[in-house]
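# Structure at a glance
Each chain, written out:
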Number of protein chains: 4
Amino acid sequence: MQDIYSDRSYGEDKVGFGERLGILVVDFQKAFTDGRFPMGGSDRIDKAVENTARLLSVAREKNIPVASCFVAYPNLASMPYWKVGAIKETLFEGSEAAELDPRIADHKYDYVFQKEGASAFFMTPCSAFFTKHKVDTIAVTGCVTSGCVRASAVDSFQFGFRTMLVDDCSGDHDEGPHQDTMRDVGRRYADVVRSDDVINFMMRNN
Amino acid sequence: MQDIYSDRSYGEDKVGFGERLGILVVDFQKAFTDGRFPMGGSDRIDKAVENTARLLSVAREKNIPVASCFVAYPNLASMPYWKVGAIKETLFEGSEAAELDPRIADHKYDYVFQKEGASAFFMTPCSAFFTKHKVDTIAVTGCVTSGCVRASAVDSFQFGFRTMLVDDCSGDHDEGPHQDTMRDVGRRYADVVRSDDVINFMMRNN
Amino acid sequence: MQDIYSDRSYGEDKVGFGERLGILVVDFQKAFTDGRFPMGGSDRIDKAVENTARLLSVAREKNIPVASCFVAYPNLASMPYWKVGAIKETLFEGSEAAELDPRIADHKYDYVFQKEGASAFFMTPCSAFFTKHKVDTIAVTGCVTSGCVRASAVDSFQFGFRTMLVDDCSGDHDEGPHQDTMRDVGRRYADVVRSDDVINFMMRNN
Amino acid sequence: MQDIYSDRSYGEDKVGFGERLGILVVDFQKAFTDGRFPMGGSDRIDKAVENTARLLSVAREKNIPVASCFVAYPNLASMPYWKVGAIKETLFEGSEAAELDPRIADHKYDYVFQKEGASAFFMTPCSAFFTKHKVDTIAVTGCVTSGCVRASAVDSFQFGFRTMLVDDCSGDHDEGPHQDTMRDVGRRYADVVRSDDVINFMMRNN
């Protein structure tokens with residue numbers, strides 16, 4: 001579809017997979033995946049968790065590096081200026097809200113790390129982990145699409161990685177902001193792909 | 001308006017201005033503000049330039065720190081994986097596309113710096129500059145709203161600053177992605193304000 | 001004393017305290033402060049712990065922001081290429097080696113965070129914490145002087161903070177590398193001060 | 001030689017070259033390499049320039065990525081709190097002091113970038129450049145050993161790269177601080193090697 005952005009060459013080029021893949025899982029923690037928490041309980045996020053679990057089972061079998069993060073703070077004073085009330089009430093270190101969803105968590109295999117910003121890369125060892133494992137392509141999954149997933153995909157691009165934003169492994173509270181993210185990110189920084197594309201790549205290349 | 005996000009406490013809190021303001025101007029360079037370049041020539045961006053020029057004239061009078069960046073690369077090999085064809089053809093160091101728009105540029109007063117990512121903060125001295133000047137609140141202006149402005153606003157928040165996203169000082173190629181950005185950022189990371197709000201703050205406080 | 005560095009204007013200027021102080025405590029964790037661990041058991045480090053405890057008791061009384069970090073890794077695969085064998089054998093998340101020394105730890109008051117590099121600022125929320133608290137001057141304490149303390153002091157400088165390297169609150173395994181650090185850092189990036197200088201500043205200004 | 005550090009397992013492990021090498025050249029700019037400038041005119045630095053030039057001629061022939069930086073500031077207000085008077089008087093953008101030494105400069109081949117901290121990696125696109133080129137091993141050269149070279153080597157390590165500190169390609173104003181750096185860095189973060197080791201690696205592997 002032609003529009004004012006494609007007229008200006010947005011989305012003209014494809015990124016493409018490189019040689020060595022890594023998977024990033026953003027904030028699939030109970031605060032967002034479990035309906036008992038004020039920000040939890042979205043079908044869209046639930047489905048993304050299931051799809052990511054399927055993708056991760058292949059990744060771990062194929063020895064693909066997996067980094068999985070959660071957001072949590074020691075206390076209120078250490079948080080940036082969040083406008084989301086529930087974040088300030090629930091996202092504390094050691095709380096259940098900070099626990100990874102058991103469907104995607106493998107503390108033995110994955111590199112699990114805490115973050116305090118929106119992006120999984122912001123002031124965390126995320127890029128160093130992928131660099132050390134010689135990853136050149138990062139598949140980004142997680143929630144919430146229009147928040148931390150988007151910020152993470154932009155950073156993955158900025159750090160020099162080929163970035164794959166996995167549409168059906170990424171969930172939002174509502175559909176509109178999810179699609180807007182795919183549109184904005186997909187014409188600038190990353191290829192928007194499906195979990196099957198990533199799985200096929202792993203089956204062929206690893 | 002109530003929606004699924006406000007139900008979950010998004011946008012519940014306000015950030016508010018702090019004590020010391022700084023202005024960030026993102027990518028008001030000819031590549032985007034001048035119609036002779038493939039990505040240039042948007043009325044929305046043009047208007048944002050004019051509004052920012054007005055805001056900056058007050059800021060400089062009131063001795064408010066101003067940081068202004070442009071994106072440029074030494075060569076193709078040093079670029080991240082952009083999907084925008086025109087970026088790869090125009091954004092080179094020393095080219096006219098990399099020059100700041102004369103309406104907002106004041107090389108004597110402003111802290112002008114080059115960036116290579118989307119965010120003005122990514123791998124640049126931007127945060128150090130504001131930290132050194134004891135800024136606690138950053139008003140973000142520039143283009144393109146749904147790209148580099150958004151990434152910069154998210155980073156401003158992540159670095160611990162109070163962040164004001166100045167709606168009418170920020171321009172995009174089209175209206176939809178501009179509004180989507182205000183919506184997504186405004187309920188998470190920053191207050192969406194008007195240039196007059198920032199000008200009034202400067203008149204009262206400096 | 002005149003030498004080839006002062007001939008070239010090294011150390012010519014003083015940094016000086018600014019307006020708002022913060023304290024950074026680097027790696028006073030049992031791995032380094034407790035003789036039961038392979039890298040622990042240095043009198044120099046022990047003395048630095050005692051001096052820092054004294055400094056911190058004033059800081060907490062005066063409501064000065066304190067950030068205290070420890071180094072730990074989820075597993076071997078996530079470590080950078082350390083050449084220190086004992087690091088690879090002891091510094092795991094949840095282990096006793098990663099626990100802060102009780103003499104300096106106050107988990108209720110301090111901002112406690114984990115790091116994975118040498119510097120307390122590297123890929124951690126350390127600078128965002130100090131920025132949020134409007135700190136412009138950071139007093140650096142901890143161990144080991146010629147390793148993580150030095151890297152942290154350099155980063156504090158690089159982030160735009162006024163940096164005070166607190167000589168008697170910083171410990172090394174041996175005296176030579178401690179002094180070399182004071183010399184190198186003190187003529188470039190930071191004022192070398194005593195704990196009493198910092199305490200006096202807090203008494204006068206807070 | 002056994003000492004208190006090797007007793008504690010410092011220097012016990014070797015890093016070793018990986019698969020893909022990159023070269024980092026730190027601050028071989030006229031301010032430090034040319035005796036007409038207040039910080040310039042050291043035989044040690046001169047020799048390091050010559051050795052690096054020899055190493056770079058092989059690197060460019062073998063298509064090894066080379067990143068070369070210089071430090072410069074737009075003005076005094078944008079500098080961090082340097083204690084070196086001459087830095088504040090000479091290191092301005094566009095000045096001759098900021099020009100790379102012609103013996104090591106190849107603006108066509110090298111990735112040349114500006115920095116504002118001590119480390120070549122601090123708030124610069126340096127790590128993204130090496131990541132994009134799939135480098136896993138960085139050979140660090142440049143000046144001044146006990147300042148910017150050391151800070152760069154520590155960051156190279158922290159970013160997850162195998163780090164080679166090239167002894168005879170690194171120069172300081174005086175011998176002591178150079179040797180202290182080799183000692184401190186070499187037992188923690190990097191292998192200390194000679195230019196011939198790096199050249200031999202390139203001849204064998206590229």
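Because the structure is predicted, anything quoted here is derived from the model rather than measured.

Another point: the relation of the copies chain C and chain D. Overlaying chain C with chain D gives an RMSD of 0.0 Å, the required rotation being 180° about an axis along which the chain moves by 0.0 Å. With respect to symmetry, the two chain copies, as superposed, fit the operation of a two-fold axis. Of the interface residues in chain C, 100% have counterparts in chain D that sit at the interface too, so the contact is made through matching surfaces.

Across the contact, 37 residues belong to chain B and 37 residues belong to chain A. Contributions of two or more residues to the side of chain B that touches chain A are made by α1 (4–7), α4 (85–90), α6 (145–158) and α7 (175–186) of chain B. Broken down by element, the residue count for the side of chain B that touches chain A peaks at six residues, all from α6(B). Looking at the side of chain B that touches chain A residue by residue, the classes come out as 17 nonpolar, ten polar and ten charged.

Strand pairs in the sheet, formed through backbone hydrogen bonds, run parallel or antiparallel to each other. Residues and elements named next belong to chain D. If you trace the six strands from one edge of the open sheet to the other, you get β3-β2-β1-β4-β5-β6, paired in parallel fashion. Whereas interior strands pair on both sides, the edge strands pair on one side only; in this sheet they are β3 (111–115) and β6 (191–193). Neighbour-to-neighbour, the strand axes of the sheet open up by a mean angle of 25°, direction not taken into account. With three bridges joining them, strand β5 (residues 162–171) and β6 adopt parallel strand pairing. The partner of M164 across the bridge, within β6, is D191. Its contacts with the sheet place helix α3 (residues 43–61) against β1 (21–26), β2 (66–71), β4 (137–143) and β5, and it is angled at close to 130° to β5.

A:V140, B:V140, C:V140 and D:V140 are the most contacted members of the largest nonpolar core, which has 288 residues in total. Beyond its immediate chain neighbours, meaning those up to four positions away, B:V140 contacts B:L24, B:V26, B:V149, B:S152, B:A153, B:S156, B:T163, B:M164, B:L165 and B:V166.

Time to look at the environment of A:Y10. Within the element layout of this structure, A:Y10 appears in the loop between α1 (4–7) and β1 (21–26). On the basis of neighbour count, A:Y10 is assigned to the buried category, with 25 C-beta atoms found within 10 Å. For the pair A:Y10 and A:D184, spaced 174 residues apart in sequence, the C-alpha to C-alpha distance is 9.5 Å. Among all residues touching A:Y10, those that are not within four sequence positions of it are A:Y5, A:R187, A:R188 and B:V84.

Further remarks concern helix α3 (residues 43–61) of chain A. Along an α-helix, residues three or four apart share an orientation, since each turn contains 3.6 residues. All names here are of chain A. The end-to-end C-alpha separation of α3 is 28 Å, in line with the 27 Å expected for 19 residues at 1.5 Å each. On the buried face of α3, the contacting elements are β1, α2 (30–33), β2 (66–71), β4 (137–143), β5 (162–171) and α8 (195–205). The positive-phi residue at the C-terminal boundary of α3 is N63, with phi of around 65°.

What follows covers helix α7 (residues 175–186) of chain C. Residue and element names in this part refer to chain C. Taking 1.5 Å per residue as the helical rise, α7 with its twelve residues ought to reach 16 Å, and the 16 Å between its terminal C-alpha atoms agrees with that figure. Every buried residue belonging to α7 is among P177, H178, D180, T181, D184 and V185, and all of these are buried. Projected down its long axis, α7 carries its buried residues within an arc of 165°, all on one side.

This paragraph deals with the pairing of β2(D). Residue and element names in this part refer to chain D. The element β2 is largely enclosed, with a buried count of six among its six residues. The pairing of β1 with β2 spans four bridges and is parallel. Residue pairing across strands places L24 opposite A67, the latter belonging to β2. Direction of pairing for β2 relative to β3: parallel, over a ladder of five bridges. Each residue of the ladder has a partner; that of S68, found in β3, is V112.

Basis of the calculations
- Residues numbered from 1 in each chain as written.
- Chains lettered and ligands numbered in written order.
- Predicted model: local features only at pLDDT ≥ 70, side-chain atom pairs only at ≥ 80, totals over all residues.
- Least-squares fit on C-alpha atoms with pLDDT ≥ 70 in both.
- Contact = placed C-beta atoms within 7 Å.
- Helix = DSSP H or I, 4+ residues; strand = E, 2+ residues; numbered from the N terminus.
- Nonpolar A, V, L, I, M, F, W, Y, C, P; charged D, E, K, R; others polar.
- Pairing = 2+ DSSP bridges.
- Axes fitted to C-alpha atoms, helices over the stretch in contact; angles between N-to-C directions.
- Core = buried A, V, L, I, M, F, W, Y, C linked by C-beta atoms within 7 Å.
- Buried ≥ 20, exposed ≤ 12 C-beta atoms within 10 Å, placed from the backbone.
- Expected span 1.5 Å × (residues − 1).
- Arc of directions from axis to C-beta.

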